[in-house]
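Fold and geometry: a report
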Amino acid sequence: MHAVSLQAIDKRFEPGEHVLSGVNLDVEQGELLALLGPSGCGKSTLLRLIAGLEQPDRGTVLLQGEEATQTHPHTRDVAMVFQGAPLYPHLTVRSNLAFPLQCDRRGQRPSRVDINQRIDEASSVLAIDTLLDRKPHELSGGQRHRVALAKLFVRRAGIWLLDEPLSGLDEEARREVRSALVSLHAQLKPTVVLVTHDLEDALHVGHRVAVMDAGLIAQVGPRDALLRLPETLGVAKATTPGTLFMVQGEIDSDGTWCADGSSRQEVGGFAGVSASKTMLACPPDSMHLGGAEGPAGGWEAVVCSVRSLVGRTRVTLELVDPSEVSQRGRLIEVDTAGPSGARVNVGDVATVRIDHERVFMFGLAGEQRRVWPPASEVALARKPVEVSGNAQKPSD
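Residues numbered from 1 in each chain as written. Predicted model: local features only at pLDDT ≥ 70, side-chain atom pairs only at ≥ 80, totals over all residues. Heavy atoms only, no water.

Moving on to the overall build of the protein. Along its length, the protein carries nine helices and 21 strands. Counting across all 396 residues of the protein, residues that qualify as buried make up 48%. In the protein, 68% of the contacts between residues at least 6 apart in sequence involve partners at least 24 apart. When the accessible surface of the protein is summed, it comes to about 18,400 Å², and 48% of that surface belongs to carbon and sulfur atoms. (Helix = DSSP H or I, 4+ residues; strand = E, 2+ residues; numbered from the N terminus. Buried < 20%, exposed > 50% of the residue type's maximum accessible area, 1.4 Å probe, protein only. Contact = heavy atoms within 4.5 Å. Areas by Shrake-Rupley, 256 points an atom, 1.4 Å probe, with all protein chains shown as cover.)

Mapped onto the elements, Asp163 comes out in strand E7 (residues 159-163). One buried charged residue, Asp163, forms no salt bridge at all, with the nearest opposite charge on Arg48 at 6.6 Å. Residues in contact with Asp163, not counting those within four places in the same chain, are Ser44, Leu47, Met80, Val81, Phe82, Gln83 and Val195. (Lys, Arg positive; Asp, Glu negative; His and termini not counted. Salt bridge = Lys/Arg side-chain N within 4 Å of Asp/Glu carboxyl O.)

Of all hydrophobic cores here, the largest spans 37 residues; its most connected members are Leu97, Ile128, Leu149 and Leu162. Of all elements in the fold, only strand E6 (78-81), helix H2 (93-102), helix H3 (112-125), helix H4 (141-155), E7, helix H5 (171-188) and strand E8 (191-196) reach the threshold of two or more residues within this core. In terms of residue count, the dominant contributor to this core is H4 (seven residues). Residues in contact with Leu162, not counting those within four places in the same chain, are Leu47, Val81, Leu149, Leu152, Leu181, Val192, Val193, Leu194 and Val195. In this structure, Leu46, Leu63, Ala68 and Val78 belong to the second largest nonpolar core, which totals 29 residues. (Core = buried A, V, L, I, M, F, W, Y, C linked by side-chain atoms within 4.5 Å.)

With that settled, the discussion passes to the sheet that holds E8. Pairing within the open sheet is mixed, and its six strands lie in the order E6-E7-E8-E3-E9-E10. Lying at the two open borders of the sheet, with one neighbouring strand each, are E6 and strand E10 (216-221). Mean inter-strand twist for the sheet, computed between neighbouring axes without regard to direction, equals 20°. As paired strands, strand E3 (residues 32-36) and strand E9 (residues 208-213) are joined by four bridges and run parallel to one another. Residue pairing across strands places Leu36 opposite Val211, the latter belonging to E9. Contacts from H4 reach E6 and E7 within the one sheet, and its direction differs from that of E6 by about 170°. (Pairing = 2+ DSSP bridges. Axes fitted to C-alpha atoms, helices over the stretch in contact; angles between N-to-C directions.)

The next subject is the pairing of E8. Buried residues dominate E8, accounting for six of its six residues. Here E8 shows no split at all, with Thr191, Val193 and Val195 on one side and Val192, Leu194 and Thr196 on the other all buried. In the sheet, E7 pairs with E8 via five bridges, with the strands oriented parallel. Residue pairing in the sheet places Leu162 in a bridge with Leu194 of E8. The parallel pair E7 and E8, bridged by H5, forms a crossover whose chirality is right-handed. (Right-handed = clockwise from strand over helix to strand, strands pointing away.)

The subject of this paragraph is the confidence of the model for the protein. Interpretation of this model should avoid reading the predicted coordinates in detail wherever pLDDT is low. Per-chain confidence: the protein averages 85 in pLDDT, with 88% of residues scoring 70 or above. When the criterion is pLDDT under 50, residues 377-396 qualifies, and its contacts beyond four places in sequence or with other chains add up to 38 contacts. (pLDDT = per-residue confidence, 0-100.)

Turning to H3, a few remarks are in order. In this model, H3 (14 residues) spans 20 Å end to end at C-alpha, consistent with the 20 Å of a helix rising 1.5 Å per residue. By the burial criterion, the buried members of H3 are Ile115, Arg118, Ile119, Ala122 and Ser123. Around the axis of H3, the buried residues are gathered within 130° of arc, so they sit on the same side. Exposed side of H3, more than 90 degrees from the buried face: Val113, Gln117 and Ser124 are the residues found there. Along its buried surface, H3 packs onto H2 and H4. Of the residues flanking the end of H3, it is Ala127, one or two places downstream, whose phi is positive at about 55°. (Expected span 1.5 Å × (residues − 1). Arc of directions from axis to C-beta.)

The following block contains the structure:
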């Protein structure tokens, strides 16, 4: 039995404007699912439908296997943290934690002793025991978010809904709150749906990631599956660490791709691709740099910046002649191996070349679905993206 099951959900706020279109999504018991997508794609609306704060125009919401489409929010075994981790400004942290329990309308209001015990336990787990007598304006951003997680702890609901719980935090606070959420989930094992537009948050926290695009669930799966084999161009944009370099072109009969634009750059190795008009989508790790005096082929670009990242160097370049590609945008990001792997400096002219084994290709018609690489053992053997500190999958 699924903890949450959404079946053929439609939602409109204006006539003819579909916020959600035929959404189907199942969340397993004890799973931590990250709902990833850009602003305006319908993520928060989907969360509010699960909570009962919105009603679908069509479709069914099942919670713990029971029909809940029209049930009142207070009857659902659901707790929600809204974006920005709002707290009652006139109450102390302790009173903020106690208030939801004191107002429980489900006939399950705990005793004062039980409330204090839960607060003490939550404050110990989330390291907020020294903050209990403070007001919200006396807290840092990371502290406010830990208090918001503590509210989930004391509430003890079976399903947690988190709407951008890490937004507005600096990197150190993000890591702290992310770690606190993963630890809290491991201890209590609730079913969690976390909404985020940040790829790193989704990869670190989620057992699975569901990518939303324009009111649809575009793809759901383990993070490696989405990173290696995005089904649509929208999924590739959402799951690429960095910026995709995208170029339109055509495939000829022998599997050679030729770019639109003035340069007519060619890349071979795409035998078996059926679509003719395609979009080549190149993640930063699918390209390499050569000198401008090297062999023919590739795009000439000027180095704008060189940044050392964990285990790699990211080079940002600007096309010398942007008319060489048919897509808007002059900047290209290229990742090279090792923190000092790029032997280029700002102002150098380099040639960007493509490794066809690491790029994606999408048809331009309809949903812009992937036509390369094929879903084969070779494609699945691609090197996974390493992300430290990821949550553990729920045990069977």
